[in-house]
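# Summary of structural features
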Amino acid sequence: MITYIVRRIMMAIPLLFGITILSFGIIQIAPGDPTALMIDPMIRDKDLVAYKELYGLNDPIYVQYLKWVGNMIQGNFGDSLIRQGVAVNELIMARLPNTLLLMLVSTILAIFISIPIGIISATKQNSLADYTFTFFSFLGIATPNFWIGLVLIMFLSVHLGWFPTGGVATLNEPFSIWDRIHHLILPSIVLATADVAGLTRYIRSSMLDVLKQDFIRTARAKGFKQKKVVYKHALRNGLIPVITIFGLMLPSFIGGSVVVEKIFGWPGIGMLFFDAAFQRDYPVIMAITVIASALVVIGNLLADILYAIFDPRIEY
Amino acid sequence: MSALLEVKNLKTYFVSKKRVVPAVDGVDITIRKGETVGLVGESGCGKSMTSLSIIGLVPSPGGKIVDGQILLDGVNLVDLSENNMCKVRGRDIAMIFQEPMTSLNPVLTVGEQIIEVIMYHLQLNRSDATQKAINLLKMVGFPRADKIIKEYPHRLSGGMRQRVMIAMAMSCNPKLLIADEPTTALDVTIQAQVLELMKELSRKFETSILLVTHDLGVVSELAERVIVMYAGQVVEEALVDDIFDKPYHPYTEGLIDSVPLIEGAITRLNSIPGNVPSPEEMPKGCRFAPRCRVAFDRCYSEEPTLQSISTSRFVRCFLYEEGEVNGCSRL
């Protein structure tokens with residue numbers, strides 16, 4: 001098991017390098033560069049060249065890339081081009097905890113909501129409850145996050161005033177857990193919605209499949225009641241295929257959080273990425289890309305480890 | 001010996017919006033204490049559905065027992081609530097299935113799957129139940145039962161899994177064991193071992209067995225009495241020696257003829273032409289008539305009833321009306 005994990009991590013390293021090369025190239029193709037935003041339009045060409053020279057933007061792309069990789073390996077993502085003199089590491093470390101908190105809460109929310117719904121839909125297939133859940137699942141999949149976010153802000157925050165419209169905490173007030181939770185509720189619900197909708201469908205079909213298996217009939221023949229048959233014999237088998245989906249879902253939280261964080265003014269990685277992309281702040285974009293790619297790799301690895309834990313037939 | 005199980009006029013139908021499919025259509029079965037009865041027939045004749053009806057596991061929604069009684073020690077199981085039926089299943093009536101490869105839960109250890117039944121029905125604590133599970137596994141022929149108990153099903157062979165299933169079924173000392181094609185998926189030497197084991201256990205614990213199979217060899221090995229089913233009905237019932245000696249119903253005769261013989265000249269294997277009619281298109285008259293070698297006019301217009309030939313022998317055929325035993329001419 002340990003050797004398997006080590007091997008997987010070793011295999012991920014070239015993959016990560018591939019991703020950085022691609023994304024580095026793609027950003028360069030995008031029109032404009034950081035200087036376009038921060039420089040006085042009346043600037044003389046000579047000064048512009050000097051400016052670019054200072055940030056190494058005149059070097060050929062491969063030289064820029066190699067310099068960047070050299071620093072990255074040492075754990076240094078460079079300085080932001082826009083917020084001058086601020087290290088990218090510092091920017092990220094200030095915001096990463098916010099994003100991780102949001103991700104964690106919405107993941108837990110998604111899992112704890114979708115598993116029971118999936119089970120009910122499967123055990124009471126074609127019932128009114130099943131149809132209702134199915135309807136809302138498709139609605140949830142089809143509705144964009146930002147729209148749900150805006151609607152919730154409008155009704156629950158602006159009209160009813162139940163929740164704050166954004167931010168992680170009330171400004172100029174001492175830290176309180178309740179205040180933090182209060183701010184967390186809406187963004188995590190919005191972030192969890194699409195995943196609940198998708199996961200419910202996966203769990204439903206997977207459970208339906210398992211409930212048709214011979215060993216379920218055996219469990220019934222032993223005299224167990226429906227509850228025990230479903231929770232002890234079917235659920236663990238039914239969740240095995242869902243683990244893959246879960247592994248794939250993990251990195252999508254970063255993507256999802258870009259929009260949600262922007263809407264809720266949540267000072268996290270997603271919002272940082274959003275702003276950096278518009279300002280062509282290369283070092284910030286690259287740092288977040290590396291983190292997101294690492295999450296993809298970690299998500300897959302986690303899924304494989306969970307597989308082995310849930311399914312005794314799988315050994316590494 | 002008194003009757004342990006009495007199935008009277010059992011009718012299990014599948015009802016959908018479009019049609020009603022009678023899978024089991026008026027079946028009577030009596031099993032005495034300690035007796036092994038073979039229930040024989042082709043695929044689709046309703047034998048599996050009969051056994052699932054007895055244990056109360058007819059696939060639902062769709063399947064339903066619409067008429068009849070299933071008396072176990074005088075208690076009508078059809079009338080029991082689901083809760084009470086759960087107490088009967090696994091304790092009074094246990095069942096083993098055809099596919100040992102898929103009948104065990106892949107994510108639970110073999111031990112856990114036996115222990116959970118013992119704890120559930122006999123209210124033993126975990127350590128006593130574990131000890132009992134080890135003894136059961138020893139009884140079905142695992143010498144290192146304390147090791148096997150920790151194994152997952154995928155590490156065992158088909159024969160081993162079926163023995164685990166038998167240990168599981170016998171764990172609460174059931175009055176009736178329903179074995180639905182217990183050896184069909186196993187190779188021949190393992191088949192013999194499993195049959196031997198079932199025979200031994202039924203003698204030791206006086207367990208009655210309802211052996212559901214299409215394999216007449218298995219029946220002759222294990223059963224004392226045979227019930228032959230065709231198209232949802234019983235067509236013949238007899239002691240096992242009698243039926244092999246002289247089958248009365250043309251269908252039984254066809255079944256026995258289609259078993260290859262080891263001794264004697266090698267000839268073409270006989271078969272019964274055609275298939276079991278699908279329940280929604282039952283032929284008029286005798287259900288077997290279209291495939292019968294000796295059918296005559298009456299067979300196509302009237303439906304025969306189950307005639308009593310002697311106290312242990314019944315047949316559903318016009319050839320034997322009013323106790324007149326001419327027999328169909330065996331060619």
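The model shown is predicted, which means the values in this text are computed figures rather than measured ones.

### Topic: the interface of chain B and chain A
Each side of the interface is counted separately: chain B has 29 residues, and chain A has 21 residues. Summed over both partners, the interface of chain B with chain A comes to about 2200 Å²; 58% of that surface belongs to carbon and sulfur atoms. At the junction of chain B with chain A, the criterion picks out three salt bridges. Glu116(B) is the partner of Lys222(A) in a salt bridge, and the nearest nitrogen-oxygen pair spans 2.7 Å. At the junction of chain B and chain A, the tally comes to 14 residue pairs in polar contact (both at pLDDT 80 or more). When residues of the side of chain B that touches chain A are traced back to their parent elements, those giving at least two are α1 (47–55), α2 (82–88), β6 (93–96), α3 (110–122) and α6 (158–170) of chain B. The class makeup of the residues in the side of chain B that touches chain A is 16 nonpolar, eight polar and five charged.

### Overview of the state of the cysteines
All names here are of chain B. Under the criterion given, the structure shown has zero disulfides over all chains. Cys-172 supplies the cysteine sulfur nearest to Cys-86, a cysteine that is in no disulfide, at a spacing of 13 Å. Look at Cys-86 and you get buried, because its relative accessible area is 1%. In this model Cys-292 remains outside any disulfide bridge; the closest cysteine sulfur is found in Cys-299, 6.2 Å from its own. Note on Cys-292: relative accessible area 17%, which makes it buried.

### Structural notes on the environment of Ile114(B)
Residue and element names in this part refer to chain B. As for its position among the elements, Ile-114 is in helix α3. Separated by 66 residues in sequence, Ile-114 and Ser-48 have C-alpha atoms that sit 24 Å apart. Residues in contact with Ile-114, not counting those within four places in the same chain, are Ala-133, Leu-136, Leu-137, Val-164, Ala-167, Met-168 and Ser-171.

### Some points on the packing of helix α11 (residues 269–279) of chain A against helix α12 (residues 282–310) of chain A
Residues and elements named next belong to chain A. The contact between α11 and α12 brings their axes to 9 Å, and the two run at 140 degrees. As the angle between them shows, α11 and α12 are arranged oblique. The handedness of the crossing between α11 and α12 is left-handed. Here Ile-269, Leu-272, Phe-273, Ala-276 and Ala-277 of α11 lie close against α12, whose contacting residues are Val-284, Ile-285, Ile-288 and Thr-289. When the residues that make up the contact of α11 with α12 are grouped by side-chain class, the tally is eight nonpolar, one polar and no charged.

### Section: the sheet that holds strand β2 (residues 20–32) of chain B
Residues and elements named next belong to chain B. The sheet built from four strands is open, its strands ordered β2-β1-β4-β5 with antiparallel pairing. Edge strands, defined here as strands with exactly one partner in the open sheet, are β2 and β5 (75–76). Bridge count between strand β1 (residues 3–15) and β2: 10 bridges; the pairing is antiparallel. Bridge pairing links Val-15 to Val-20 in β2. Sheet strands touched by α1: β1, β2 and β4 (63–72). Its angle to β1, the strand with the most contacts, is close to 115 degrees.

Scoring rules and cut-offs
- Residues numbered from 1 in each chain as written.
- Chains lettered and ligands numbered in written order.
- Predicted model: local features only at pLDDT ≥ 70, side-chain atom pairs only at ≥ 80, totals over all residues.
- Heavy atoms only, no water.
- Contact = heavy atoms within 4.5 Å.
- Buried area = accessible area lost by both parts, 1.4 Å probe.
- Salt bridge = Lys/Arg side-chain N within 4 Å of Asp/Glu carboxyl O.
- Polar contact = N/O pair within 3.5 Å; in protein donor to acceptor, adjacent residues only side chain to side chain.
- Helix = DSSP H or I, 4+ residues; strand = E, 2+ residues; numbered from the N terminus.
- Nonpolar A, V, L, I, M, F, W, Y, C, P; charged D, E, K, R; others polar.
- Disulfide = S-S within 2.5 Å.
- Buried < 20%, exposed > 50% of the residue type's maximum accessible area, 1.4 Å probe, protein only.
- Axes fitted to C-alpha atoms, helices over the stretch in contact; angles between N-to-C directions.
- Parallel < 35°, antiparallel > 145°, perpendicular 65-115°, else oblique.
- Left-handed = near helix turned anticlockwise from the far one by under 90°.
- Pairing = 2+ DSSP bridges.

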